[in-house]
Amino acid sequence: MRLFNSLSSWVKDFFGSKEVIKLSEKNYARDKAALAFLELALDRASSFIASSISKCEFKTYINNKLIKDRDYYDWNIKSNKNQPAAVFKYKLIYKLVHEKEALVVTDIDGNYLIADSFSKEKFAFSDYQFTNVVVEDFTFQRTFYMKDVLYYEYENDDINYLFDKVCDLYASVLSHAIEVFNESYTQRFKVHVESTGGAGKDDKMDDLFNVQFKKFIESRRSVIPEYNNLEYKEFGNIEGTISSKDIADIRKDMFNLVANTLRIPPAIIYGDVTTLEESQDSYIANCLNPIVKIIDEVNTDYLYGFEGWKNGCYFSVDTSKVKYFNIFKNAPNIDKLIASGYMCIDEVRDETDLKTLDTEFSTQHFMTKNYSSVEDLLLDLDKSKGGNK
């Protein structure tokens, strides 16, 4: 139902605000299969991105230090009375990618609510205004101003071009492929008629071929009369040049096109393990991070404003855990992080999803002699020589 409603909304935008739409307009009858495939591909890609970001930790910083306060709880544990944070974040990101915008408002208790629909009025020198805000079965009877809401906007001109232009091309290819495929499974007959003369015989022939014989071919169980001087002969199926695999390949090509438009490497979607690690890095850097940056900026401004931001208060979505991390496989790297003094034990444990120890030992920074300065090494050498005298 969600797919149908979204497709219907897009079609209405495509044709404008006309009450009656003729199928000949913009070849809608021909394009609907291509539209459905592209819409399904966009739905799958949006869901994929939403699933990735919903697993991320949404961090709140006060004075440049990570603080797990009420805002942290709202964005990582439970966002409102009915939605855990993971579900809330998934819906938010899905709407942002799929519909290119999302609106979050708060109720009187401060719970975050995602608007299912809303009307927006833009102004050049004052706050945008949002009306007719609907959350599930409730419609707010008030006007929301930009300063009072979290409004996210995801501009992707490639998606617009994809539906406006590329869809026509795929519609032609897909329509031809389906037509040829169907023809390859069409039965064809020839009928030998010795004579068609005589009053009323032409009408009988028209009824035979246009009504009875058509019904006979299209029905699974049917009977056709056998007349004298008529001989039926089946040609058999015409061997087609397009198979169901070809149509599936066209659909896959359309899915790949949408994925590339959203900068999702195909290897991520199809689980190609040969290039998975490189693809994950590309996916995070080119697909997720631009979307996450929108979340960071909107939430930072809403929660802290300019004065808070200036004093080290900000919101940050951590995408580092999108990529699977095996602590045993990466043990040498963990060792280097601690041995070089770059991170303490608790910092490493937190990054690897382990509970921090919160001890004096685990919060200290250590550095092996391999990372010591030349002066420190010479000083240790002199002390060693002095001790041997």
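Remarks on the sheet that holds strand 9 (residues 150–153)
With antiparallel pairing, the three strands of this open sheet are ordered in space as 4-3-9. Two strands bound the open sheet, and with one partner strand each, they are strand 4 (112–114) and strand 9. Strand after strand, the sheet turns through a mean of 20° between neighbouring axes, direction not considered. In this sheet, strand 4 lies alongside strand 3 (residues 101–106) in antiparallel orientation, the contact comprising three bridges. Residue Thr 106 lies in a different strand from strand 4, and its bridge partner there is Tyr 112. Contacts from helix 4 (residues 85–99) reach strand 3, strand 4 and strand 9, with the element oriented near 145° to strand 3. Strands strand 3, strand 4 and strand 9 of the sheet are contacted by helix 9 (residues 276–310), whose axis makes an angle of about 160° with strand 9.

Considerations on the pattern of salt bridges
The tally for this structure, following the rule as stated, stands at 14 salt bridges. Notably, a salt bridge pairs Lys 81 with Asp 109, separated by 3.5 Å at the nearest N-O pair. Of this pair, Lys 81 sits in the loop between helix 3 (70–76) and helix 4 while Asp 109 sits in the loop between strand 3 and strand 4, placing them 28 residues apart in sequence. Of the charged contacts, one joins Glu 297 and Lys 293 as a salt bridge, the two residues approaching to 3.0 Å between their closest N and O atoms. Here Glu 297 pairs with Lys 293, and both are found in helix 9, just four residues apart, close to one helical turn.

Considerations on the side chain of Thr 300
For Thr 300, the location among the structural elements is in helix 9. There is a polar contact of 2.7 Å between the side chain of Thr 300 and the backbone oxygen of Asp 296. A distance of 2.9 Å separates the side chain of Thr 300 from the backbone nitrogen of Phe 315, its partner in a polar contact.

Side note on the packing of aromatic side chains
All told, the structure shown has 16 aromatic pairs when counted by the stated rule. Consider the rings of Phe 118 and Phe 130, whose centres lie 5.9 Å apart with planes at 70°: the pair is edge-to-face. Residue Phe 118 is located in strand 5 (residues 117–121), and its partner Phe 130 is located in strand 6 (residues 129–135); the two are separated by twelve residues in the primary sequence. Judged by its relative accessible area of 0%, Phe 130 is buried. Relative to Trp 309, the ring of Phe 306 has its centre 6.1 Å away and its plane inclined at 35°; by these criteria the two rings are tilted. Here the residue Phe 306 and the residue Trp 309 both occupy positions in helix 9, the gap between them amounting to three residues, near one helical turn. The structure contains a cluster of three or more aromatic residues connected by ring pairs, namely Phe 58, Trp 75, Phe 88, Tyr 112 and Phe 315. The ring of Phe 58 has Lys 89 sitting right over it, with the charged end atom 4.4 Å from the ring centre. Taking NZ or CZ as reference, Arg 142 lies 4.0 Å from the ring centre of Phe 144, over its face.

Focus on the nonpolar core
Core analysis: the biggest nonpolar cluster contains 45 residues, and Ile 49, Trp 75, Tyr 152, Leu 262, Ile 264 and Ile 295 have the highest contact counts within it. When residues of this core are assigned to their parent elements, the largest contribution, nine residues, is made by helix 9. If we skip the residues at most four places from it in the chain, Ile 264 touches Ala 45, Phe 48, Ile 49, Ala 259, Ile 269, Tyr 283 and Cys 287. Grouped together as the second largest cluster of nonpolar side chains are eleven residues, Leu 113, Ala 115, Phe 130 and Val 133 included.

Observations regarding the confidence of the model for the protein chain
For the protein chain, per-residue confidence averages 79 on the pLDDT scale, and residues scoring 70 or more make up 66% of the total. Of all secondary-structure elements in the protein chain, the lowest mean pLDDT belongs to helix 1 (residues 2–15), at 43, while strand 9 reaches the highest, 98.

Focus: the sheet that holds strand 2 (residues 65–66)
In space, the three strands of this open sheet follow the order 2-1-12, with antiparallel pairing throughout. One side of each edge strand has no neighbouring strand; the edge strands of this open sheet are strand 2 and strand 12 (314–318). Bridge count between strand 1 (residues 57–62) and strand 12: five bridges; the pairing is antiparallel. Residue Tyr 61 lies in a different strand from strand 12, and its bridge partner there is Tyr 314. Running over the sheet, helix 9 touches strand 1 and strand 12 and is turned about 155° from strand 12.

Considering the environment of Leu 40
Of note, Leu 40 is situated in helix 2 (residues 28–54). Here the alpha-carbon distance between Leu 40 and Met 254, two residues 214 residues apart in the chain, equals 9.8 Å.

With respect to the pairing of strand 6
Across four bridges, strand 5 lies against strand 6 in antiparallel orientation. Within strand 6, the residue paired with Glu 121 across the bridge is Gln 129. Bridge count for strand 6 against strand 8 (residues 144–145) is two bridges, and the pairing is antiparallel. Across the sheet, residue Phe 130 finds its bridge partner in strand 8, namely Phe 144.

Thresholds applied
All chains use their own residue numbering, which begins from 1 and follows the written sequence. In keeping with the predicted nature of the model, local features appear solely for residues at pLDDT of at least 70, side-chain atom pairs appear and are counted solely at 80 or more, and the whole-chain, interface and lining totals rest on all residues. Side-chain figures throughout are based on the complete set of non-hydrogen atoms in the structure, without hydrogens or water. A pair of strands counts as paired when DSSP detects no fewer than two bridges linking them. Only DSSP runs of H or I with at least four residues qualify as helices, and only runs of E with at least two residues qualify as strands; both kinds are numbered from the N terminus onward. An axis is simply a line fitted to the C-alpha atoms; with a helix, the fit covers only the stretch in contact. Between two such axes, the angle follows the N-to-C directions and lies from 0 to 180 degrees. Residue contacts are defined here by distance: any two heavy atoms, one from each residue, within 4.5 Å place the two residues in contact. Only one rule defines a salt bridge in this text: a Lys or Arg side-chain nitrogen within 4 Å of an Asp or Glu carboxyl oxygen. Here a polar contact is taken to be a pair of N or O atoms separated by no more than 3.5 Å, where protein atoms must pair a possible hydrogen donor with a possible acceptor and residues adjacent in sequence count only if both atoms sit in side chains. Stacked, tilted and edge-to-face are the three classes assigned to paired rings of Phe, Tyr and Trp, where Trp is represented by its six-membered ring and a pair needs centres within 6.5 Å; plane angles under 30 degrees give stacked, over 60 edge-to-face, the rest tilted. Only protein chains enter the calculation, and the probe is 1.4 Å; a residue is then buried if its accessible area is under 20% of its type maximum, exposed if over 50%, and partly exposed in between. Working rule: Lys NZ or Arg CZ, within 6 Å of ring centre, within 35 degrees of ring normal, means a charge sits over the ring. The criterion is simple. A nonpolar core is a set of buried Ala, Val, Leu, Ile, Met, Phe, Trp, Tyr and Cys residues joined through side-chain atoms within 4.5 Å. You can read pLDDT as the predictor saying how much it trusts each residue, on a scale of 0 to 100.

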